[in-house]
Amino acid sequence: MFDFQILQKWAAERSDKVAFIDDSQSITYAQLHSLVLRTATFLQNQGVKKGMIINVHLPSLLNWVSTLALHILGITSISRKQVGRSAPILIPDFHLSLQPDTSVPEHRNILIDENIFNDIKQCDEYVGEFGFSSEDDVARLIPTSGTTGDVKFIAIKAGDIEPLAKLTSLWDPDGDGRSLGLFPLGAKQSYRLAFKILLEGNTMYRTDFIDHRAAKILRRYPIHTVFGSPHHLIKLL
């Protein structure tokens, strides 16, 4: 199974290397490691536990941090903008977002505003058991409508994460791997590439905005590949 202690490895060996960049911020591996562990503690304190399904709809950095924290806790995650669109197939146990979702009971909406984010940074770092209990545990549910238009889910098991990250695919960026991701992290290929970048200890470039903010990243950093749909690329150009 994927060894989530790799965060600690990069935090020690590449503490100052930038792990994540978007249009407004960057974070080193040392900072990412600490923030993920503090987020895991925060989520535990909110009642999040194994056996639950947690929806994460947050800006790109918080989405990645929360996804890693949930994986470290061995909890299934999903990333959907509107939870109700999947009803009655799947209603998550908790919804992490900037805004509440009425499909989820009010007390199960965890809203990450600036004050809560400051609270997270004050939490102790998680020191419990890392990762999933079994390689057959579902780590991620990827929504897809396929050819029917009906919402379905692809289950990525804990034992699938590392093979996915090591997989060579036509979706992989050319050159030295510096790519700007435009797909949401909930998409399977974005999820795969995120773990590929983590496994290799490289920098993830992402943006939630296909406008001048994406162009700013392209001007500022030596990015060789833009990763998105034809619609994304036309809008960006």
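The coordinates are above.
One structure accompanies this document, and this report is about it. (Residues numbered from 1 in each chain as written. Predicted model: local features only at pLDDT ≥ 70, side-chain atom pairs only at ≥ 80, totals over all residues. Heavy atoms only, no water.)

### As for the environment of R220
To keep things clear, this is the line we draw: By definition, any uninterrupted DSSP run of H or I lasting at least four residues is a helix, any uninterrupted run of E lasting at least two residues is a strand, and each is numbered from the N terminus.
Here R220 is to be found in helix α7 (residues 212–220). Placed 52 residues apart in sequence, R220 and T168 show a C-alpha to C-alpha distance of 28 Å.

### Observations concerning the nonpolar core
Under the convention used in this document: What we call a nonpolar core is a set of buried Ala, Val, Leu, Ile, Met, Phe, Trp, Tyr and Cys residues that are connected through their side-chain atoms within 4.5 Å. Exposure is judged per residue with a 1.4 Å probe applied to protein chains only, and the accessible area is read against the type maximum: over 50% gives exposed, under 20% gives buried, and values in between give partly exposed. What makes two residues a contact is simply this: any of their non-hydrogen atoms within 4.5 Å.
Ranked by internal contacts, the top residues of the largest apolar core, which has 53 residues, are L32, W64, F195 and L198. In contact with L32, not counting residues within four places along its chain, are L7, A19, I27, W64, V65 and L68. By size, the runner-up hydrophobic cluster in this structure holds nine residues, among which are L180, I210, I217 and L236.

### Some remarks on helix α6 (residues 188–200)
Threshold: Take the residue count of a helix, subtract one, and multiply by 1.5 Å to get its expected span.
When the terminal C-alpha atoms of α6 are compared, their 18 Å separation across 13 residues agrees well with the 18 Å that a helix rising 1.5 Å per residue should span. In terms of burial, α6 is largely enclosed, as 10 of its 13 residues are buried. Buried within α6 we find Q189, S190, Y191, R192, L193, A194, F195, K196, I197 and L198. Phi turns positive, to about 70°, at G201, one or two residues after α6.

### Points about the layout of surface pockets
The criterion, for reference: Grid points spaced at 1 Å over the protein atoms alone were grouped into cavities, where a 1.4 Å probe fits but cannot get out, and pockets, open sets with protein on both sides within 12 Å along at least five of seven lines, with lining residues defined by an atom within 4 Å of a point. Grid points are joined across faces, edges and corners, and a volume is the space filled by probe spheres set on the points. Gly is placed with the polar residues, together with every amino acid not listed as nonpolar (Ala, Val, Leu, Ile, Met, Phe, Trp, Tyr, Cys and Pro) or charged (Asp, Glu, Lys and Arg).
When its volume is computed, the largest pocket comes out at roughly 860 Å³. Along its surface, the largest pocket is lined by 34 residues, and H57, S79, R80, K81 and P184 are the ones closest to its centre. Top contributing element to the lining of the largest pocket by residue count: strand β7 (residues 138–144), with three residues. Partitioning the lining of the largest pocket into residue classes produces 13 nonpolar, 14 polar and seven charged.

### Quick notes on the sheet that holds strand β9 (residues 179–181)
Pairing between sheet strands relies on hydrogen bonds along the backbone, with the strands arranged either parallel or antiparallel. Applied cut-off: Any two strands are treated as partners once DSSP identifies two or more bridges connecting them. For helices, the fitted line uses only the C-alpha atoms of the stretch in contact; every axis is such a line through C-alpha atoms, and the angle between N-to-C directions lies from 0 to 180 degrees.
As summarised here, the arrangement of the five strands in space is β2-β1-β10-β9-β11, forming an open sheet in which the pairing is mixed. Only two strands of the sheet have a single partner each, and these edge strands are β2 (26–28) and β11 (225–227). Pairwise comparison of adjacent strand axes, ignoring direction, gives a mean angle of 25° for this sheet. Relative to β11, β9 is paired through three bridges, and the arrangement is parallel. If you follow L180 over to β11, its bridge partner there is V226.

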